[in-house]
Amino acid sequence: PYYNHFRLSAVVPVPRGVAVLGRGFWAAKSGRDALQVTWDETAGETRGSDQIMAEYRDLARQPGAVARKDGDAAAGLATAAQVLEADYEFPFLAHAPMEPLDCVVQVGEDGCDIWTGSQLPTVDQGAAAAILGLEPAQVRIHTQLAGGSFGRRATPNADMVSEAVSIAKAIGGRAPVRLIWTREDDIQGGRYRPMYFHRLRAGLDAEGKLVAWEHRIVGQSIVRGTPFAGALIQNGVDQTSVEGATTLPYAIPNLTVDLHTSDVDIPVLWWRAVGSTHTAYSTEVFIDELAETAGKDPVEFRLEMLKDHPRHAGVLKLAAEKAGWASEPPPGRARGISVHESFNTFVAEVAEITVAEDGTIKVEKVVCAVDCGLAVNPDQVKAQMEGGIGYGLGAVLHNAVTLVDGRVEQSNFHDYQPLRINEMPQVEVHIVPSAAAPTGVGEPGVPPIGPAVANAVYKATGRRIRSLPFSKHGLSAA
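On a predicted model such as this, the values are computed, not experimentally measured, just so you know.

*Asks:* Which residues make up the nonpolar core, and what values go with them?
*Replies:* Counting 78 residues, the largest nonpolar core has Leu-210, Trp-213 and Phe-470 as its most contacted members. Aside from chain neighbours lying at most four places away, what touches Phe-470 is Tyr-281, Ile-361, Val-396, Leu-397, Gly-450, Val-453, Ala-454, Val-457, Ile-465 and Leu-475.

This is the structure in structure tokens:
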């Protein structure tokens, strides 16, 4: 009667747990919800977000593995006329794609067919072949369009595809298997952009010139223990943790970047724009603070240090010009600017905001300048910049995955809120004409939006936002 009521067809063990199969999604989900399983959680993470961040702050008191060293930052700080210090905190983030993770697997006598939206089809193919004891050539991946991925469908162990293939194997391939992870499944049991802590110190000389810079980063490695570790971890430094910090373009004679890779039992993964999602924010918000201390305009302060980086300078000047930076913003509005390189593409953004008396932020307009080499399809470049700005803006305004006793508190869009359509600003994209080799545009629009908005918020309110999201500071979005 139980099986008939839910129209279930099987309950089978698989390496990741137990799979409930039914003739439709709701039947399978209802059976899964009714199933009582006792899990061994002794090897799982039991700390909460606050405890982990406290550990990160302690780690940041000592030097880490050196990722970049120019000159002598300690000596430069010791002799500087003014020294500024700032700490930045970044939460775990979910990818939260609009389309939940899904996959169809059919195992037959001549091999296996898989239909899924995949960012790493070769990895998915190899994982499926290993589970089934097949040659990779016997696994056929039919790559589908996916309703958002942002890195989530690019797991080094092919987590979702491996699970679907394991289920198909467990039932002897007697029927095709369609696996759907609900949004709750993925937000509460998926993979996350790691939590990070940054500590920055910088020194200015008597003329307001930036002479020393010390940047310490604490967070998990995305690639440790994966097949990508050999290429991406060098001298104990995960390049995905420090990218954007080690490539800081500003001419600073004494500069050090170091890293503490933390041990946390939370599954992590690249998230759209990867390390630059946090390094761009900390560096570009801090640069604005240094510019103010030096008594200089934020654009001019940056340009003075970008003489050897014409493409950074080019997008910075173009965005400032198109946004009317030299003139006062409209009454009641404030502007902020940032510039960053990721995936060999250079992007500057000017955010124009209003802040209501109750603290409600409205990002009214974003002017974006992008140098991605030869723009093969300019409309696609603009679309990707617009999408990246919306995705990044939702994260900095609203999003955080928080843990209590190792368990994720959020579950769906009601408490992990993407940017709503009424919050989307007007976006104006300007592409730098270029004959250089074309570079990526899917991710580089994301990093500059957070610091640009934060710098605008400071202009409007006098508040420096050093921990994300903005909502934790009572700054909501309209």
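*Asks:* Give me the packing of aromatic side chains: which residues, what numbers.
*Replies:* Within this structure, the stated rule accounts for seven aromatic pairs. Geometrically, the ring pair formed by Tyr-88 and Tyr-281 is edge-to-face, given 6.4 Å between the ring centres and 75° between the ring planes. One end of the pair, Tyr-88, is in strand β4 (residues 82-90); the other, Tyr-281, is in helix α10 (residues 276-294), and 193 residues separate them in sequence. Accessibility classification places Tyr-88 together with Tyr-281 in one group, the buried group. Connected via pairs of aromatic rings, a cluster forms that spans Tyr-88, Phe-90 and Tyr-281. Above the plane of the ring of Phe-413 lies Arg-183, whose end atom (NZ or CZ) is 3.9 Å from the centre. Sitting over the ring of Tyr-458, Arg-464 keeps its end group 3.4 Å from the ring centre.

*Asks:* Summarise helix α14 (residues 449-461); cite the residues concerned and give the values.
*Replies:* Compared with the 18 Å implied by 1.5 Å per residue over 13 residues, the 18 Å span of α14 between its first and last C-alpha is a close match. In terms of residue burial, α14 counts as a mostly covered element, since ten of its 13 residues are buried. In this structure, the buried side of α14 is in contact with α10, α11 (298-304), β14 (334-342), β15 (345-355), β16 (361-371) and α13 (378-398). Looking one or two residues beyond α14, the residue adopting positive phi is Gly-462, at roughly 80°.

*Asks:* Explain the sheet that holds strand β19 (residues 426-431) residue by residue, including any values.
*Replies:* Here four strands make up an open sheet; going across it, the order is β14-β15-β16-β19 and the pairing mixed. Of all strands in the sheet, those with a lone pairing partner are β14 and β19, marking the two edges. Ignoring strand direction, the axes of neighbouring strands in this sheet form an average angle of 15°. Note that β16 and β19 share six bridges and pair parallel. Among the inter-strand pairings, Cys-368 is bridged to a residue of β19, identified as Val-429. Strand contacts of helix α12 (residues 310-323): β14, β15, β16 and β19, with the helix running at about 30° to β15, the strand carrying the most contacts. In the packing of α14 onto the sheet, contacts are made with β14, β15 and β16, and the angle to β14 comes to roughly 155°.

*Asks:* Can you lay out the sheet that holds strand β13 (residues 254-261) for me, pointing to particular residues and giving the numbers?
*Replies:* What the five strands build is an open sheet, ordered β3-β13-β10-β9-β4; its pairing is mixed. Only two strands of the sheet have a single partner each, and these edge strands are β3 (65-70) and β4. The mean inter-strand angle of the sheet, taken between neighbouring strand axes irrespective of direction, is 10°. Pairing geometry for β4 and strand β9 (residues 196-204), over nine bridges, is antiparallel. Residue Tyr-88 lies in a different strand from β9, and its bridge partner there is His-198. Its contacts with the sheet place helix α3 (residues 49-59) against β4, β9, β10 (210-219) and β13, and it is angled at close to 35° to β9. Lying on the sheet, α10 is in contact with β4, β9 and β10; it crosses β4 at an angle near 150°.

*Asks:* So, a nonpolar patch on the surface: which residues are in play, and what are the values?
*Replies:* Residues Val-11, Val-18, Leu-35, Val-37 and Trp-39 make up a contiguous nonpolar surface patch of roughly 400 Å² in combined accessible area. Inspection of the secondary structure puts Trp-39 in the loop between α2 (25-34) and α3.

*Asks:* Tell me about the pattern of salt bridges, and please be specific about residues and values.
*Replies:* Per the stated rule, a full pass over the model turns up 33 salt bridges. Here Glu-163 and Arg-16 are joined by a salt bridge, their closest N and O atoms 2.5 Å apart. Pair noted here: Glu-163 is in helix α6 (residues 159-170) and Arg-16 is in the loop between β1 (8-14) and β2 (17-22), with a separation of 147 residues, a long-range link. Residue Glu-163 is classed as buried on the basis of its relative accessible area of 14%. Between Arg-407 and Glu-41 there is a salt bridge, with its nearest N and O atoms 2.7 Å apart. Linking Arg-407 in strand β18 (residues 407-408) with Glu-41 in the loop between α2 and α3, this pair joins segments that are 366 residues apart in sequence. The exposure class assigned to Arg-407 is exposed, which follows from its relative accessible area of 52%. Overall, the relative accessible area of 46% leaves Glu-41 in the partly exposed class.

*Asks:* Before we move on, could you go through the side chain of Arg-199 and cite the residues and values that matter?
*Replies:* Its location among the elements puts Arg-199 in strand β9. Its relative accessible area of 15% is what places Arg-199 among the buried residues. Here Asp-87 takes part through its side chain, which lies 2.8 Å from a polar atom of the side chain of Arg-199. Those residues in contact with Arg-199 that sit more than four places away from it in its chain are Arg-57, Ala-60, Arg-61, Glu-85, Ala-86, Asp-87, Glu-214, His-215 and Arg-216.

Analysis parameters
Residues numbered from 1 in each chain as written. Predicted model: local features only at pLDDT ≥ 70, side-chain atom pairs only at ≥ 80, totals over all residues. Heavy atoms only, no water. Core = buried A, V, L, I, M, F, W, Y, C linked by side-chain atoms within 4.5 Å. Buried < 20%, exposed > 50% of the residue type's maximum accessible area, 1.4 Å probe, protein only. Contact = heavy atoms within 4.5 Å. Phe/Tyr/Trp six-rings, centres within 6.5 Å; stacked < 30°, edge-to-face > 60°. Helix = DSSP H or I, 4+ residues; strand = E, 2+ residues; numbered from the N terminus. Lys NZ or Arg CZ within 6 Å of the ring centre and 35° of its normal. Expected span 1.5 Å × (residues − 1). Pairing = 2+ DSSP bridges. Axes fitted to C-alpha atoms, helices over the stretch in contact; angles between N-to-C directions. Patch = residues over 30% accessible without salt bridge, like charges linked within 9 Å, V, L, I, M, F, W, Y side chains within 5 Å. Areas by Shrake-Rupley, 256 points an atom, 1.4 Å probe, with all protein chains shown as cover. Salt bridge = Lys/Arg side-chain N within 4 Å of Asp/Glu carboxyl O. Polar contact = N/O pair within 3.5 Å; in protein donor to acceptor, adjacent residues only side chain to side chain.

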